[in-house]
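# Observations on the model geometry
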Amino acid sequence: MTINLNINTGANTPIYRQITDQVRLAVAAGKLAVDDPLPSIRALAERLVINPNTVARAYADLQREGLIESRAGRGVFATRKRKMFTREEGWRRLEPLLDAVIGEAMVLDFTPPELREAFEKKLGQWKSAKGGEKS
Amino acid sequence: MSEQAVIRTRGLTRYFGARPAVHDLNLEVPRGCVFAYLGRNGSGKTTSIRMLLGLLSPTRGEGSILGHDIRDLQPEVRARIGYLTEEHQLYGWMSVRQCGEFQSQFYPRWNEKIFQGVIGHFNLKLAARVKDLSRGERAGLCLGLTLAPEPELLVLDDPAMGLDPVAHRSLIESMIYLTRRSDRTIFFSSHELADVERVADYIAVLDRSVLRVCCSLETFRNSVRQVRLRFSGTPPPVPKIPGLIQAFRAEGELRLTCVHYNSTTEQALRALGPAQMEPVPLNLEDAFISYLGERGEKSFILSETEAQP
């Protein structure tokens, strides 16, 4: 299936990162599977009404991460995610994100059990999305 | 990027009486980019554009456009530049078609297909009289007249001003369409930061006649950071921190916006002894406004070379 990308101006996240985030999420959730096509740089730029260099920048990042590849004459496709990071490096990247979520939850007066429950629930949703879309 | 610059100025300055409208402007616009020229009203954008196009002579300093001295621009160089003014000067009695025919006489390289394409994109009728057109339609007509000669360099002075959302979108689409040719450069002034975010590769910011920023949009966004410092008691006075452009003080809290944010900045902030320190996400508008705010250090400029750590 094809992916439906959108962007917002005025957001805290630069446009190229909005694109990479959405593709990463779609891959993680199984909405974008191996060999699924992505729009060309030019086509996506014109549809989103943004500078093609911004799309190119996003695609370059995704390509570096091994999430997409450009096949000569045929377009851009999702690829099997190659393992890019060691476990250790993976944790180093994940930890600040966990800290941010927990910190915010504490500020908002959520209790640890509530947080645990919410985490489990989310995890369940992701699992079903991943299993449900493709099989 | 030097050999590739389509616009370059050195110390370009213009006084009106005793008042500097543009002071010591050093600008470099690489070929093939979309360059946004920003600043508040009266900051000197139009004055500098007029100097670049040879329509106003500088008090001092120099500049070149497409490699030619701006004080001596020949018609064949001017023909390679498309200039869209703020005012959309047109003859009211002409029809849209007549405007096209009239304009085409001045350009050896007139592409009627482009003219028709832009006119169509803005839903203009060829038989319509200029005096009956809305502001958005006039903008579309002027854009068509400016684009049809296929200029190498397009200079747009506040093209979005007064456009309704539909005409505005058509304008941005036209600009993006132009980037198909990688050797075409667009230099535009604007107040619409959403447009800048959509189309600009580079930005320059003028603040009261002085250039304060000239770098890629990405560099700008990466180097302007806001940090929230929380204190258990009253926050200490803010010391001199290099690159500090804005400081807000609240109950038990300091919010500081810095340019060239790096490990040195971070150390300086940690030295204030905050109980907690966290980054505050900034959108382009926040970053821009903190840059042009009244407080803070004004003595430096954010440029591509200085932004490197």
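Residues numbered from 1 in each chain as written. Chains lettered and ligands numbered in written order. Predicted model: local features only at pLDDT ≥ 70, side-chain atom pairs only at ≥ 80, totals over all residues.

### Describing the overall build of chain B
Across its full length, chain B holds 11 helices and 16 strands. Over its C-alpha atoms, taken along the principal directions, chain B stretches across nearly 70 × 40 × 40 Å. Put simply, chain B has 309 residues, and 41% of those count as buried. Contacts in chain B between residues far apart in sequence, at least 24 positions, make up 72% of those at least 6 positions apart. (Helix = DSSP H or I, 4+ residues; strand = E, 2+ residues; numbered from the N terminus. Buried ≥ 20, exposed ≤ 12 C-beta atoms within 10 Å, placed from the backbone. Contact = placed C-beta atoms within 7 Å.)

### Notes on the interface of chain B and chain A
By a widely used convention, the size of an interface equals the accessible area lost when the partners come together. Counting residues at the interface gives 17 residues for chain B and 13 residues for chain A. Counting residues per element, the ones that place at least two in the side of chain B that touches chain A are α6 (165–178), α7 (193–199) and α8 (217–223) of chain B. A class-by-class count of the residues in the side of chain B that touches chain A yields seven nonpolar, two polar and eight charged. (Nonpolar A, V, L, I, M, F, W, Y, C, P; charged D, E, K, R; others polar.)

### A look at the sheet that holds strand β4 (residues 34–39) of chain B
Residue and element names in this part refer to chain B. Pairing in this open sheet of seven strands is mixed, and the strands run β7-β8-β9-β4-β10-β11-β16 from one edge to the other. Among the strands making up the open sheet, the edge pair consists of β7 (81–84) and β16 (302–303). Where β7 meets strand β8 (residues 153–157), four bridges bridge the pair, whose relative direction is parallel. The residue of β8 that forms the bridge with G82 is L154. (Pairing = 2+ DSSP bridges.)

### Notes on the packing of helix α2 (residues 41–48) of chain A against helix α3 (residues 52–64) of chain A
The relative placement of two packed helices is expressed as an angle between their axes plus a distance between the axes. Residue and element names in this part refer to chain A. Where α2 meets α3, the axes come as close as 8 Å, and the angle between the chain directions of the two elements is 125°. Between α2 and α3, the angle falls in the class oblique. For α2 against α3, the interelement crossing comes out right-handed. Contacts from I41, R42, L44 and A45 of α2 reach α3 at P52, V55, A56 and Y59. Residue composition of the contact of α2 with α3, grouped by class: seven nonpolar, no polar and one charged. (Axes fitted to C-alpha atoms, helices over the stretch in contact; angles between N-to-C directions. Parallel < 35°, antiparallel > 145°, perpendicular 65-115°, else oblique. Left-handed = near helix turned anticlockwise from the far one by under 90°.)

### Re the confidence of the model for chain B
Caution applies to low-pLDDT regions: their predicted coordinates should not be interpreted in detail. Mean pLDDT over chain B stands at 89; residues scoring 70 or higher make up 94%. ipTM for the predicted complex: 0.82, alongside a pTM of 0.83. (pLDDT = per-residue confidence, 0-100.)

### Some words on the pairing of strand β2 (residues 68–71) of chain A
Residues and elements named next belong to chain A. Inspection of the sheet shows β2 paired to strand β3 (residues 75–78) by four bridges, in the antiparallel sense. Its bridge partner lying in β3, R71 is registered against G75. Connecting β2 to the next strand, β3, in antiparallel fashion are three residues, including G73 with a positive phi near 75°.

### Some points on the sheet that holds strand β1 (residues 37–38) of chain A
Residues and elements named next belong to chain A. Overall, antiparallel pairing links the three strands, which are arranged β1-β3-β2 in an open sheet. Each edge of the open sheet carries a strand with a single partner, namely β1 and β2. α3 rests against β2 and β3 of the sheet, and its axis sits at about 110° to β2.

### Looking at the pairing of strand β13 (residues 244–250) of chain B
Working note: regular strand, side chains alternate between the two faces of the sheet. Residues and elements named next belong to chain B. The pairing of β13 with strand β14 (residues 253–258) spans six bridges and is classified as antiparallel. When the sheet's bridge partners are listed, R249 is paired in β14 with L254. Between β13 and β14, which follow one another and run antiparallel, lie two residues, and G252 among them has a positive phi close to 60°.

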